[in-house]
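# Analysis of the macromolecular model
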Amino acid sequence: MSTSIALVIMCGVFVAVGVYLILERSLSRVILGLGCLGNGINILFLIAGGRSGNPAFVGNGSSEEWADPLVQAMMLTSIVITLATTGFLLAMAYRTWQLRDDDEVRDDVEDRMIVYRQNIEGHARRSEAGTDLQKTSEEFRDETDDSPPRFALITNVFTRMLDKRNSARSIVANPDATHGADGSR
């Protein structure tokens, strides 16, 4: 079995470019990366399929001259899956573009807070191992202390945002548009 070196290089380039583009934060690049990765995998199936031959099950010659039908079925399945995933990502990118005027995937603030809390708890657990109880108790905040909690800044920001939103809702429009604010016509 001899394989064309050009196919191997092309497969490697497509897979490398596809993985690189999928790791980007822009959805349009992720879509292009998915297309490149799908084509690279199809070329890999073509390489793994061995020699080319007559179509299978058509009656052209003996079974030793037939091409492997499993590889053809896997390539068709790969094409369908890549097409469906690309369509889904295109719809998601279009919706994101409508909502935010860009297609960059952003980090979720809540996810960052969860990771931050887990890191703090993980460091606290690790720092207790092999330490003195007096030293360990000094690291933790007492409820009677006057120092603000860890997330005081974030809590203040969210409180101010809610206050602004509630104050904007408290403005009542004039129910009778023919009268002015002071009741005159």
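Described below are features of the structure shown in this document. (Residues numbered from 1 in each chain as written. Predicted model: local features only at pLDDT ≥ 70, side-chain atom pairs only at ≥ 80, totals over all residues. Heavy atoms only, no water.)

### Re the overall build of the protein chain
To be explicit about the condition: Counting from the N terminus, the helices are the DSSP runs of H or I reaching at least four residues and the strands are the DSSP runs of E reaching at least two. Think of it in three bands: with a 1.4 Å probe and only protein chains considered, a residue is buried below 20% of the maximum accessible area for its type, exposed above 50%, and partly exposed in between. The contact criterion used is simple: two residues touch if any of their non-hydrogen atoms lie within 4.5 Å. In these tables, accessible area is a Shrake-Rupley quantity obtained with a 1.4 Å probe, and a residue counts as shielded only by the protein chains included in the view.
Per the secondary structure count, the protein chain includes 6 helices and 0 strands. Listed by position from the N terminus, the elements making up the protein chain come as α-α-α-α-α-α. Expressed as a percentage of the 185 residues in the protein chain, the buried residues total 17%. Here the contacts in the protein chain between residues at least 6 apart in sequence split such that 52% fall between residues at least 24 apart. When the accessible surface of the protein chain is split by element, carbon and sulfur atoms take 62% of a total near 14400 Å².

### Overview of the layout of surface pockets
Here is the rule: Cavities and pockets are defined on a 1 Å grid built over the protein atoms alone: a cavity is a set of grid points where a 1.4 Å probe fits but cannot escape, while a pocket is an open set with protein on both sides within 12 Å along at least five of seven lines, and lining residues are those with an atom within 4 Å of any such point. Grid points are joined across faces, edges and corners, and a volume is the space filled by probe spheres set on the points. Residues are sorted three ways: Asp, Glu, Lys and Arg are charged, Ala, Val, Leu, Ile, Met, Phe, Trp, Tyr, Cys and Pro are nonpolar, and all the rest, Gly among them, are polar.
Estimated volume of the largest pocket: approximately 180 Å³. Lining the largest pocket are 11 residues, and of these Leu46, Gly50, Arg51, Ser52 and Ala67 sit closest to its centre. When residues in the lining of the largest pocket are grouped by element, the largest group, 3 residues, is from helix H3 (residues 69-100). Across the lining of the largest pocket, the residue classes tally to 4 nonpolar, 5 polar and 2 charged.

### With respect to a nonpolar patch on the surface
Here is the rule we go by: To count toward a patch, a residue needs a relative accessible area above 30% and no salt bridge. Like charges then connect within 9 Å, nonpolar side chains (Val, Leu, Ile, Met, Phe, Trp, Tyr) within 5 Å. Salt bridges, as used here, are contacts in which a Lys or Arg side-chain nitrogen is within 4 Å of a carboxyl oxygen on Asp or Glu.
On the surface, Ile5, Val8, Ile9, Val13 and Val17 cluster together into a nonpolar patch covering about 430 Å² of accessible area. Its location among the elements puts Val13 in helix H1 (residues 5-22). Given the relative accessible area of 47%, Val13 is considered partly exposed.

### Focus: unusual backbone geometry
One non-glycine residue, Asp101, lies in the positive phi region at around 65°. Structurally, Asp101 can be placed in the loop between H3 and helix H4 (109-128).

### Let's talk about the side chain of Asp103
To keep things clear, this is the line we draw: Just so you know, the count uses Lys and Arg for positive and Asp and Glu for negative, and it drops His and the chain ends. Pairs of N or O atoms are called polar contacts if they sit within 3.5 Å, as long as, within protein, a hydrogen donor faces a hydrogen acceptor (for residues adjacent in sequence, only side-chain-to-side-chain pairs).
Along the chain, Asp103 falls in the loop between H3 and H4. For the buried Asp103, which has no salt bridge, the nearest side chain bearing the opposite charge is Arg29, at an N-O separation of 7.6 Å. Among the polar contacts listed, one links the side chain of Asp103 to the side chain of Ser26, at a separation of 3.1 Å. In this structure the side chain of Asp103 is engaged in a polar contact, spanning 2.9 Å, whose partner is the side chain of Ser28. Sequence-distant contacts of Asp103, defined by excluding residues within four places in its chain, comprise Arg25, Ser26, Leu27, Ser28, Thr96 and Trp97.

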